[in-house]
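These are the residues of each chain, in order.
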Amino acid sequence: MSGDAPSRVGVPSVPPPPGARHGVLDVPDSDSAQMRQILDSLRLERTGPDSFAGGSLPQLSGRIYGGQVLAQALLAADDTLTDDGPRYLHSAHGYFLRPGRSQDGVTLAVEQLHDGRSFSTRRTHAFQHGKPILSIISSYQKSQPGLDHHDPAPQAPDPETLPSAIDLFESVDHPVARFMSSTAAFDIRHVGGNLYLGPDPDRAERQMLWMRARTPLPESTSQLLHRALLAYACDQVMLEPVLRRQGLAWRSEGLSMASLDHSMWWHREVRVDEWLLFVQRSPSAQGGRGLGTAEVYDRSGALVSSIGQEGMVRVPDPDPPLAASGPDGEWRRPSLR
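Only a predicted model underlies this, so the values are computations on that prediction, with no experimental measurement involved.

**Student:** For this particular structure, what's the right way to read helix H4 (residues 175-183)?
**Tutor:** Every α-helix carries 3.6 residues per turn, so stepping three or four residues along brings you back to the same face. The buried fraction of H4 is high, at seven of nine residues. For H4, the elements touching its buried residues are helix H1 (33-42) and helix H3 (165-171).

Here it is, written out as structure tokens:
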């Protein structure tokens, strides 16, 4: 386990202004070293009435993990809401504008676009060294009664009967696998095989997997933080359905991937420290881009979230061979944080 704290290089230290709600956003601690490192990056410092600063988690690639910036932006936006009663994060739509450096911290600027009787809307920009790396609009709603229905969850094996990605990485003697196993705060268990070491020979149109935090979060953890952590965690799997349909794996030679945009809806309360079923598809890929979607269900079968992400997915030829196995094989897998 790397003991490195989130990097705050390039982030100014400014005292909170008079009347600010918080100097540092209230984020609980965790008994898990892996989760504690993530929570440290989400413990934002307020640097102005609508501005914040946060650290970045170490990555072998040197690039910021997109889910980290998503979660930071959602927390920053929420902290600018008025105190007329709780409003819950229900949707967000954002664009990844340029790659960020994991060696440097992040500054966030929030625009208070609208505060109505039921809904509030915020636009948040994340910057490094004065250049935007993410722009996202998020919406918050008061808890209100209304119509209620959702599609049922499909049948899926019990997650406890499926192999864990963490166990797989611990069994592989490779520096990237060791990094993943030591830093992963979320356990992922695929139904029907994963794509870490090889492609899906059936090129299935649907992927299902279970995910949860490796250790329980404190009972005091807010619903906002659970929803932000779901945004954090989902970014690592959203483009997998594209790879699966194309017969690719994370180790496919020459594979180049990057998230372009991200849309997310939270329908019902969610806990990321309980098993969540991701039902994923890729309805389209073209022009070097692929679209991944996910419906996320809890163990009771309730639909808690819907997610869509388009990403750049490029390979040097339509049927690339896998990279050679062994300690020198190159892994393209994002950090399993």
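We are not done yet, so read on.
**Student:** Would you mind showing me how to read the layout of surface pockets here?
**Tutor:** If a probe as big as a water molecule is rolled over the atoms, it shows which places are left empty. Counted as a void, the second largest pocket has a volume near 660 Å³. Lining the second largest pocket are 19 residues, and of these Gln-141, Gln-144, Trp-266, His-267 and Arg-268 sit closest to its centre. Residue assignment for the lining of the second largest pocket shows that the elements contributing at least two residues are strand E3 (87-96), strand E6 (131-142) and strand E9 (256-266).

**Student:** Could you clarify how one ought to interpret unusual backbone geometry in this entry?
**Tutor:** Glycine aside, the phi torsion of most residues is negative, and most peptide linkages are trans. Within the chain, His-129 stands out as a residue other than glycine whose phi angle is a positive 50°. Topologically, His-129 is positioned in the loop between strand E5 (119-128) and E6. The exposed category is assigned to His-129, whose relative accessible area is 55%. Positive phi, close to 50°, is recorded for Arg-203, a residue that is not glycine. In this structure, Arg-203 sits in the loop between strand E7 (186-191) and strand E8 (206-213). Under the relative-accessibility criterion, Arg-203 is labelled partly exposed at 39%.

**Student:** Could you clarify how one ought to interpret the nonpolar core in this entry?
**Tutor:** One broad trend across soluble globular proteins is that nonpolar side chains are buried collectively. Ranked by size, the top nonpolar core spans 75 residues in total, and within it Met-35, Ile-38, Phe-186, Leu-229 and Phe-278 carry the most contacts. Tallying contributions element by element places helix H5 (residues 223-234) first for this core, with nine residues.

**Student:** What is the right way to look at the confidence of the model for the protein in this model?
**Tutor:** Per-residue pLDDT for the protein has a mean of 88; in total, 87% of the residues score no lower than 70. Ignoring residues within four places in sequence, the model shows residues 325-329, a span with pLDDT below 50, making nine contacts including any to other chains.

**Student:** Sorry, what's going on with the sheet that holds strand E1 (residues 45-48) here?
**Tutor:** Picture the strands of a sheet paired through backbone hydrogen bonds; they go either parallel or antiparallel. Taken in spatial order, the 12 strands make up an open sheet running E1-E2-E4-E5-E6-E3-E9-E12-E11-E10-E8-E7, and their pairing is antiparallel. The sheet terminates laterally at E1 and E7, the two strands that pair on one side only. Here the average twist between neighbouring strands, direction ignored, is 25°. Bridge count for E8 against strand E10 (residues 276-286) is six bridges, and the pairing is antiparallel. Counterpart to Met-211 in the pairing with E10 is Leu-276. Taken strand by strand, helix H2 (residues 66-78) contacts strand E2 (51-54), E3, strand E4 (106-115), E5, E6 and E9, and its axis lies near 50° from that of E6. The sheet contacts of H5 involve E3, E7, E8, E9, E10 and strand E12 (303-314), and relative to E9 the element is tilted by about 155°.

**Student:** Explain empty space enclosed by the protein to me, please; I cannot follow it from the model alone.
**Tutor:** Using the criterion set out here, one finds one cavity of 30 Å³ or more in the structure. In this structure, the largest cavity occupies an estimated 30 Å³ of space. Around the largest cavity sit Leu-70, Leu-74, Ala-92, His-93, Ile-136, Ala-231, His-262, Met-264 and Trp-266, which together line it. For the lining of the largest cavity, the elements supplying multiple residues, two or more each, are H2, E3 and E9. It is E9 that contributes the most residues to the lining of the largest cavity, three residues altogether. Here the lining of the largest cavity is built from residues that sort into seven nonpolar, two polar and no charged.

**Student:** Sorry, what's going on with the packing of H2 against H5 here?
**Tutor:** A pair of packed helices can be characterised by two numbers: the angle between their axes and the separation between those axes. Between H2 and H5, whose axes approach to 7 Å, the crossing angle comes to 155°. On the basis of their axis angle, the class for H2 and H5 is roughly antiparallel. Considering only the axes of H2 and H5, their crossing is right-handed. Residues Gly-67, Gln-68, Leu-70, Ala-71, Leu-74, Leu-75 and Asp-78 of H2 form the contact with H5, whose own contacting residues are Leu-224, Leu-225, Ala-228, Ala-231 and Tyr-232. When its residues are assigned to classes, the contact of H2 with H5 shows nine nonpolar, two polar and one charged.

**Student:** When you look at the pattern of salt bridges in this model, what are you seeing that I'm missing?
**Tutor:** A pair can form between side chains of opposite charge whenever their charged atoms are brought close. Tallied over the entire structure, the rule returns 18 salt bridges. For the salt bridge of Arg-178 with Asp-173, the shortest nitrogen-to-oxygen distance reads 2.5 Å. In this structure, Asp-273 engages Arg-271 in a salt bridge whose closest nitrogen and oxygen atoms are separated by 2.8 Å. According to the relative accessible area criterion, Asp-273 is buried, its value standing at 10%. Linked by salt bridges that have partners in common, Glu-160, Asp-187, Arg-189 and Arg-212 make up one network.

**Student:** What am I meant to see in the pairing of E5 here?
**Tutor:** Consecutive residues of a regular strand have side chains that alternate between opposite faces of the sheet. Relative to E5, E4 is paired through eight bridges, and the arrangement is antiparallel. Residue pairing in the sheet places Thr-107 in a bridge with Phe-127 of E5. Two successive antiparallel strands, E4 and E5, enclose a turn made up of three residues.

The rules behind each value
Residues numbered from 1 in each chain as written. Predicted model: local features only at pLDDT ≥ 70, side-chain atom pairs only at ≥ 80, totals over all residues. Heavy atoms only, no water. Buried < 20%, exposed > 50% of the residue type's maximum accessible area, 1.4 Å probe, protein only. Helix = DSSP H or I, 4+ residues; strand = E, 2+ residues; numbered from the N terminus. Contact = heavy atoms within 4.5 Å. 1 Å grid on protein atoms, 1.4 Å probe; cavity = no way out; pocket = protein on both sides within 12 Å on 5 of 7 lines; lining within 4 Å. Points joined across faces, edges and corners; volume = space filled by probe spheres on them. Core = buried A, V, L, I, M, F, W, Y, C linked by side-chain atoms within 4.5 Å. pLDDT = per-residue confidence, 0-100. Pairing = 2+ DSSP bridges. Axes fitted to C-alpha atoms, helices over the stretch in contact; angles between N-to-C directions. Nonpolar A, V, L, I, M, F, W, Y, C, P; charged D, E, K, R; others polar. Parallel < 35°, antiparallel > 145°, perpendicular 65-115°, else oblique. Left-handed = near helix turned anticlockwise from the far one by under 90°. Salt bridge = Lys/Arg side-chain N within 4 Å of Asp/Glu carboxyl O.

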